[in-house]
Amino acid sequence: MKTRMPSLLTAGTLALALTACGGGAPEEEAVEVEAAEEPGEGGGVLDMLAELASSTQEVTNYTLDLDMSMPDPELGTVDMTMTYEVMDDPEAAQVTMVMPFVGEMLLELAALGGEDPGLTAEELGTTVLIVPAEGETLVSDHNGLQEVDTPWARGVQDTAELGPQEMFDIASLPDLVGAFAEIDQIEEAGAEEVGGVETTLVEGTMTAEEIDALDAEQKLAVLELIGDVSGSVDVSIWVGRDGFPMRLDFSDEKADVSMVFSELGETSFEIPGEDEITDL
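What counts, and at which threshold
Positions within a chain are numbered from 1, following the residues in the order the chain's sequence is written. The predicted nature of this model means local features are confined to residues of pLDDT at least 70 and side-chain atom pairs, given and counted, to a pLDDT of 80 or more, with totals for whole chains, interfaces and linings taken over all residues. In computing side-chain values, all of the structure's heavy atoms are included and hydrogens and water are not. Strands are runs of DSSP state E lasting at least two residues, helices are runs of H or I lasting at least four, and both sets are numbered from the N terminus onward. Every accessible area reported is derived by Shrake-Rupley at a probe size of 1.4 Å, with residue values counting cover from the shown protein chains alone. For two strands to be treated as a pair, DSSP must find no fewer than two bridges joining them. Fitting a line to C-alpha atoms yields each axis, with helices limited to the stretch in contact; the angle taken between N-to-C directions then spans 0 to 180 degrees. Pairs of residues are marked as contacts when any of their non-hydrogen atoms sit within 4.5 Å. A simple rule labels every residue: compare its accessible area, found with a 1.4 Å probe on the protein chains alone, to the largest value its type can have, and call it buried under 20%, exposed over 50%, or partly exposed in between. Given a helix with a known number of residues, its expected span is that number minus one, times 1.5 Å. Criterion for a salt bridge: a side-chain nitrogen of Lys or Arg within 4 Å of a carboxyl oxygen of Asp or Glu. Two joining distances apply to patches: 9 Å for like charges and 5 Å for nonpolar side chains (Val, Leu, Ile, Met, Phe, Trp, Tyr), and every residue must have over 30% relative accessible area and no salt bridge. Note that His is not counted, nor are the chain ends; the positive residues are Lys and Arg, and the negative ones are Asp and Glu. For the purpose of locating charges, the reference atoms are NZ of Lys, CZ of Arg, CG of Asp and CD of Glu.

### What about the overall build of the protein chain?
On a plain count of helices and strands, the protein chain comes out with eight helices and 12 strands. For the protein chain, the computed accessible surface area is about 14200 Å², with 45% contributed by carbon and sulfur atoms.

Now the structure itself:
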């Protein structure tokens, strides 16, 4: 059976290996989901989880910090961090991906050529993109890899290799949280503050068999994020009072994924002016 690698890991590896990446602004349409079933016995936890999917449908402005540690068949364990800033006026996303192992590869190549870029592995392994709702993706030249005289480049080769579906899309969140709301053994584990928001921590474990029994959309959302699961996945969800999942952590024998939301409705960043962009 073919192993499914997480889309973010696949996309990020290709993006940084090319020192460029393409993506699209996240879908802004609300995603239709089936109405949640009436919660059964179990009290507040089940009531809370029943509201998770609907609470994620209309979020169009947010910051997502995502940390991943996952096995790669060729590279071993790969660590990746991504900050995904999405604003709605104007509609655009700024994506910052950091993969130090890519920077280490670039440093080794530079050393073979007798060159010293004067940058750390983390600096070389960082890609920053601005993806407008309309128009081409902008790539930051903060590490000099684009070889332009302006802070940003447009028309970088191969940026079209990665479509929006390869990046994390907020439209998949209802299916993702809906999947974990199906866990049979789940319990409240305390209260914590996440990003300035008071949340309730809910924990549980989902087996590979339970994932396989999910509906098609929910199963795809899980596999796109964490890849194939051979045993079970430990799940922790920090749910705000309004029902929004401010943080989600998943881990199994091989991988760890942490997603933390912040700046809901307050995310904003500067769009470069034309004098800051070089067209290639």
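### Quick look at the sheet that holds strand 10 (residues 245–251)
Where strands meet in a sheet, backbone hydrogen bonds hold them as pairs that are either parallel or antiparallel. If you trace the 12 strands from one edge of the open sheet to the other, you get 7-8-9-10-11-1-2-3-4-5-6-12, paired in mixed fashion. Either end of the sheet is taken by a strand with one partner, and the two such strands are strand 7 (186–194) and strand 12 (277–279). Neighbouring strand axes in the sheet, compared pairwise and without regard to direction, differ in orientation by 20° on average. In the packing of helix 6 (residues 173–180) onto the sheet, contacts are made with strand 7, strand 8 (197–207), strand 9 (232–240), strand 10 and strand 11 (256–262), and the angle to strand 10 comes to roughly 65°.

### Thoughts on the pairing of strand 11
Here strand 11 lies mainly inside the structure; five of its seven residues are buried. Taken together, the seven bridges between strand 1 (residues 62–72) and strand 11 define a ladder with antiparallel strand orientation. By the bridge assignment for strand 11, Leu-64 is matched with Phe-261. With five bridges joining them, strand 10 and strand 11 adopt antiparallel strand pairing. Paired with Arg-247 across the two strands is Val-260, which belongs to strand 11. Connecting strand 10 to the next strand, strand 11, in antiparallel fashion are four residues.

### Comments concerning unusual backbone geometry
Note that the residue after Asp-89, namely Pro-90, is joined by a cis bond; omega there is -5°. Its place among the elements puts Pro-90 in the loop between strand 2 (76–88) and strand 3 (91–98). Despite not being glycine, Glu-263 shows a phi value in the positive range, around 50°. The residue Glu-263 is located in the loop between strand 11 and strand 12 in this model.

### Some thoughts on helix 4 (residues 100–112)
Here helix 4 contains 13 residues, and its C-alpha end-to-end distance of 19 Å stays within 8% of the 18 Å for a straight helix at 1.5 Å per residue. Within helix 4 the residues assigned to the buried category are Phe-101, Val-102, Gly-103 and Ala-110.

### Here's the deal with the pattern of salt bridges
Across all of its chains, the model carries four salt bridges by this definition. Among the ionic pairs, Asp-279 bridges to Arg-154, the shortest N-O distance being 2.6 Å. Of the two residues, Asp-279 sits in strand 12 while Arg-154 sits in strand 6 (residues 152–154), which places them 125 residues apart along the sequence. The partner of Lys-219 in a salt bridge is Asp-212, with the nearest N and O atoms 2.5 Å apart. What makes Lys-219 partly exposed here is its relative accessible area of 26%. Through salt bridges that share partners, Arg-154, Glu-274 and Asp-279 make up one connected network.

### Notes on a negative patch on the surface
A cluster of acidic residues, Asp-88, Asp-89, Glu-91 and Glu-134, forms a negative patch at the surface. For Glu-134, the location among the structural elements is in the loop between strand 4 (126–132) and strand 5 (138–140).

### A short note on the pairing of strand 2
Where strand 1 and strand 2 come together, 11 bridges link them in antiparallel fashion. Within strand 2, the residue paired with Pro-71 across the bridge is Thr-77. Summarising the sheet, strand 2 and strand 3 pair through eight bridges and their orientation is antiparallel. Bridge assignment links Thr-81 to a residue of strand 3, and that residue is Val-98. The turn linking strand 2 back onto strand 3 is made up of two residues.

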